[in-house]
Amino acid sequence: MKTAYTADQIRHAERTLMARLPEGTLMQRAAHGLAAACADLLGRVYGRRVVLLVGSGDNGGDALYAGERLARRGARVEAVLAGSKTHEAGLRAFLDAGGRVAEQAAVGEADLIVDGLVGIGVSGALREPYARLAEEANTAHGTVVAVDVPSGVDASTGQVAGAAVRARVTVTMGAYKTGLLVDPGAAHTGTVELVDIGLGPFLPDPDVAALTRADVEDLLPRPGNESDKYRRGVLGVAAGSDLYTGAAVLAVGGALRAGAGLVRYAGTHEPVQQVRAHWPEAVITPLDRPSIEHVGRVQAWLLGPGLGTGDWAHELAARVLASDVPVLIDADGLTLVARDRSLLRRRAPVLITPHAGELSRLIGVSRDDIEAARLEHVRRAAAELGVTVLLKGSTTVVAEEARPVRVNGTGTSWLATGGTGDVLSGVAGALLAQGLGCYDAASVGAYLHGLAGRLAARGAPLTSAGVATAVPEAIRSVHGEPRP
Ligand SMILES: NC(=O)C1=CN([C@@H]2O[C@H](COP(=O)(O)OP(=O)(O)OC[C@H]3O[C@@H](n4cnc5c(N)ncnc54)[C@H](O)[C@@H]3O)[C@@H](O)[C@H]2O)[C@@H](O)CC1
Ligand SMILES: [K+]
């Protein structure tokens, strides 16, 4: 598990660790790791031009001490001092090693630019001259390395209020910061390298976490010798309508590809025809009234994609939610629930999978506000509604009360196309039916769906049916090898 922490959590842990070590030890560890990462990027250090952007805090101190090390190895290192003050001991060490103080113009000439403007101590949008320097670094030809956090990204939330550095590599100290994993911040980091400064034992429970390939491999249900289709997870799908047949086809497809033992589909005439034509594997119950009494036993329900929002759909939603198994609610199902919250009053678990617009209707906050602060609002929704919430977006976030928010960065912007959400709901629904809890089903589902999107796209537009088709390949790549 990749775990990440807020600035306050990091600061607190650093203070505890610092109290046990001689003064300056942590910064030397940080500078050592930073200089090594810079040297790797430069290849040859001797004679190369390095420019340090140095802010007024300890982030600038890290940069100066790393600059000292690079200067001692023969690099031509210059520092642009951006703050009203500068880390004194760091500057002295830097100058003693042959480093020089330069003007802003130096940025354009550098092979490597080290962004030591601000780290976890930032508040609000970058002020001048920091903002101008960040823009300059972004347009310069040299490789940009951010110290701890790309300046301009809020370390605790990933929010970006104005100008922000876009790094090739971010060298982060002691532990990942939340803002490095959540967009828009995550889009600024480039590759993140973690420098161990000994913080591990002093870190609290994480603020957010991201599943790794190995975590997904552990969590993914795998059929054993005694598995039969009923034990591998039967998913009921209540989706599609005479107007929207495609959503049903895609959701059932996602579920079948993600390993549901059996999919029981219930719907009206038109989507029934379509689902039958696409998926002879599905067991189908045509509905002439909104009832699930003839559908047979299921281990979880997927409710909502393309279902419609009229009385018929409301009645069917009420029947599904009155069952005693976990229910995943998506799309039109979310509109129904936003209109009638009483539908959510049930004992068995609920997972909802909204995008920002759907969440907006559920918690009465504008879509823009949600997009600007996704972590805050996904947590709030989980607390207010008492359900597990998967908020879709460029980084998908999953919240459940009293657990760290799970973030997923496997996706690609090619996934922003019609129907991919229906596939995701099918994948996560199949995982629920196979016995994963809502929190794991949502985060493993997002991981696989993102990966399948990448595999389906390979740098070009994809279709949502293509994403469903790529889900088995995504599962195979999680296992690292084909499994018999
Ligand atoms: N304390 C330590 O021993 C260690 C600190 N570390 C480094 O120290 C950093 C934290 O240092 P600080 O707490 O001094 O904080 P920072 O250096 O991140 O930033 C604080 C400084 O930035 C200025 N500032 C804040 N917001 C600004 C804005 N919007 N525009 C322009 N200037 C702004 C403040 O006035 C303050 O002078 C970490 O990110 C990390 O790089 C690491 O070396 C690990 C060890
Ligand atoms: K920085």
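An unreviewed UniProt entry annotates the protein chain as Bifunctional NAD(P)H-hydrate repair enzyme of Nonomuraea spiralis. Comment text from UniProt for the protein chain, heading Subunit (unreviewed entry), reads "Homotetramer."

**Q** Help me understand the overall build of the protein chain, please; the structure alone is not making it clear to me.
**A** Helix and strand content of the protein chain: 17 helices and 19 strands. Since a compact globule built from 484 residues should have a radius of gyration of about 23 Å, the 26 Å found for the protein chain is in line with a globular shape. Out of the 484 residues belonging to the protein chain, those deemed buried represent 56%. Nonlocal contacts in the protein chain, meaning residues at least 24 apart in sequence, comprise 71% of its contacts between residues at least 6 apart.

**Q** Got a minute to help me understand the packing of helix H3 (residues 58-72) against helix H4 (residues 88-96) in this structure?
**A** Angle between the axes and distance between the axes are the two parameters that describe a pair of packed helices. Look at H3 against H4: their axes get within 8 Å of each other, and the N-to-C directions meet at 20°. Classified by the angle their axes make, H3 and H4 are roughly parallel. You can see that H3 and H4 cross each other, and the crossing is left-handed. Residues Gly61, Leu64, Tyr65, Gly67 and Glu68 of H3 form the contact with H4, whose participating residues are Gly90, Leu91, Ala93 and Phe94. Looking at the contact of H3 with H4 residue by residue, the classes come out as five nonpolar, three polar and one charged.

**Q** Before we go on, may I ask you to explain the UniProt feature "binding site: K(+)" (unreviewed entry) in the protein chain in this structure?
**A** UniProt tags Asn59, Asp115 and Ser151 as "binding site: K(+)" (unreviewed entry). Look at the named residues: they lie 93 residues apart in sequence, but the longest C-alpha span between them is just 9.7 Å, so in the fold they bunch up. What Asp115 contacts, discounting residues up to four positions off in sequence, is Leu53, Ala137, Val144, Val145, Ala146, Val147, Pro150, Ser151, Val165 and Ala167. If you trace the backbone, Ser151 turns up in the loop between strand S6 (143-147) and strand S7 (169-173). Ignoring any residue separated from it by four or fewer positions in sequence, one finds Ser151 in contact with Asp115, Leu117, Val118, Leu126, Tyr130, Ala134, Ala146, Ala164 and Val165.

**Q** How should I be thinking about the site of ligand 1 in this particular structure?
**A** The environment of ligand 1 is formed by 28 residues, the closest being Gly57, Asp58, Asn59, Gly119 and Gly121. Contributing elements (two or more residues each) for the shell around ligand 1: helix H1 (7-18), helix H2 (25-42) and H3. Examining the composition of the shell around ligand 1, we find that four residues originate from one element, H3, more than from any other. Tallied by class, the residues present in the shell around ligand 1 amount to 13 nonpolar, ten polar and five charged.

**Q** Before we go on, may I ask you to explain the domain arrangement of the protein chain in this structure?
**A** Think of interface size as the accessible area that goes away when the parts come together; that is how it is often given. Taken domain by domain, the protein chain consists of domain 1 (2-206) and domain 2 (213-479). A C-alpha centroid distance of 41 Å is found between domain 1 and domain 2. Taken together, the contacts link eight residues of domain 1 with ten residues of domain 2. Here the side of domain 1 that touches domain 2 is composed, by residue class, of four nonpolar, two polar and two charged.

**Q** Just checking my understanding: could you explain the environment of Val208 for this structure?
**A** Among the structural elements, Val208 can be located in strand S10 (residues 208-210). Looking at Val208, the number of C-beta atoms within 10 Å reads 26, which means it is buried. Separated by 263 residues in the primary sequence, Val208 and Val471 have C-alpha atoms spaced 26 Å apart.

**Q** Just checking my understanding: could you explain the pairing of strand S11 (residues 234-238) for this structure?
**A** Consecutive side chains along a regular strand alternate between the two faces of the sheet. Counting buried residues in S11 gives five out of five residues, a clear majority hidden from the surface. Neither face of S11 is open: one carries Val234, Gly236 and Ala238, the other Leu235 and Val237, and all of them are buried. Read from S11 through helix H8 (residues 246-257) to strand S12 (residues 262-267), the crossover connection turns out right-handed. Alignment of S11 against strand S14 (residues 300-303), held across four bridges, turns out to be parallel. Residue pairing in the sheet places Leu235 in a bridge with Ala300 of S14.

**Q** Mind showing me how you'd approach the sheet that holds S7 here?
**A** The strands that make up a sheet pair up through hydrogen bonds in the backbone, lying either parallel or antiparallel. A sheet is described by the order of its strands in space; here seven strands give the open sequence S4-S3-S2-S5-S6-S7-S9, paired in parallel fashion. Each edge of the open sheet carries a strand with a single partner, namely strand S4 (100-101) and strand S9 (191-195). Relative to S7, S6 runs parallel, the two being bridged by three bridges. Each residue of the ladder has a partner; that of Ala146, found in S7, is Thr170.

**Q** I'm lost on the sheet that holds strand S13 (residues 283-286) in this one. Help?
**A** As summarised here, the arrangement of the twelve strands in space is S8-S1-S10-S19-S18-S17-S16-S15-S14-S11-S12-S13, forming an open sheet in which the pairing is mixed. In this open sheet, the two strands that pair with only one neighbour each are strand S8 (176-177) and S13. In terms of strand pairing, strand S17 (residues 388-391) meets strand S18 (residues 396-399) through three bridges, oriented antiparallel. The residue bridging Leu391 from the neighbouring strand is Val397, located in S18.

**Q** Explain the packing of helix H16 (residues 438-457) against helix H17 (residues 464-479) here, please?
**A** Between H16 and H17, the shortest axis-to-axis distance is 7 Å and the interhelical angle comes to 110°. By the angle between their axes, H16 is roughly perpendicular relative to H17. Across from Leu448, His449, Leu451, Ala452, Gly453, Leu455 and Ala456 in H16, the residues of H17 making contact are Gly466, Val467, Ala470, Val471, Glu473, Ala474, Ile475 and Ser477. Its residues assigned to classes, the contact of H16 with H17 shows ten nonpolar, four polar and one charged.

About the thresholds
Residues numbered from 1 in each chain as written. Chains lettered and ligands numbered in written order. Predicted model: local features only at pLDDT ≥ 70, side-chain atom pairs only at ≥ 80, totals over all residues. UniProt positions renumbered as here; feature names shortened; annotations may be inferred. Helix = DSSP H or I, 4+ residues; strand = E, 2+ residues; numbered from the N terminus. Rg over C-alpha atoms; globule rule 2.2 N^0.38 Å. Buried ≥ 20, exposed ≤ 12 C-beta atoms within 10 Å, placed from the backbone. Contact = placed C-beta atoms within 7 Å. Axes fitted to C-alpha atoms, helices over the stretch in contact; angles between N-to-C directions. Parallel < 35°, antiparallel > 145°, perpendicular 65-115°, else oblique. Left-handed = near helix turned anticlockwise from the far one by under 90°. Nonpolar A, V, L, I, M, F, W, Y, C, P; charged D, E, K, R; others polar. Near = placed C-beta within 6 Å. Domains from an automatic or database assignment. Right-handed = clockwise from strand over helix to strand, strands pointing away. Pairing = 2+ DSSP bridges.

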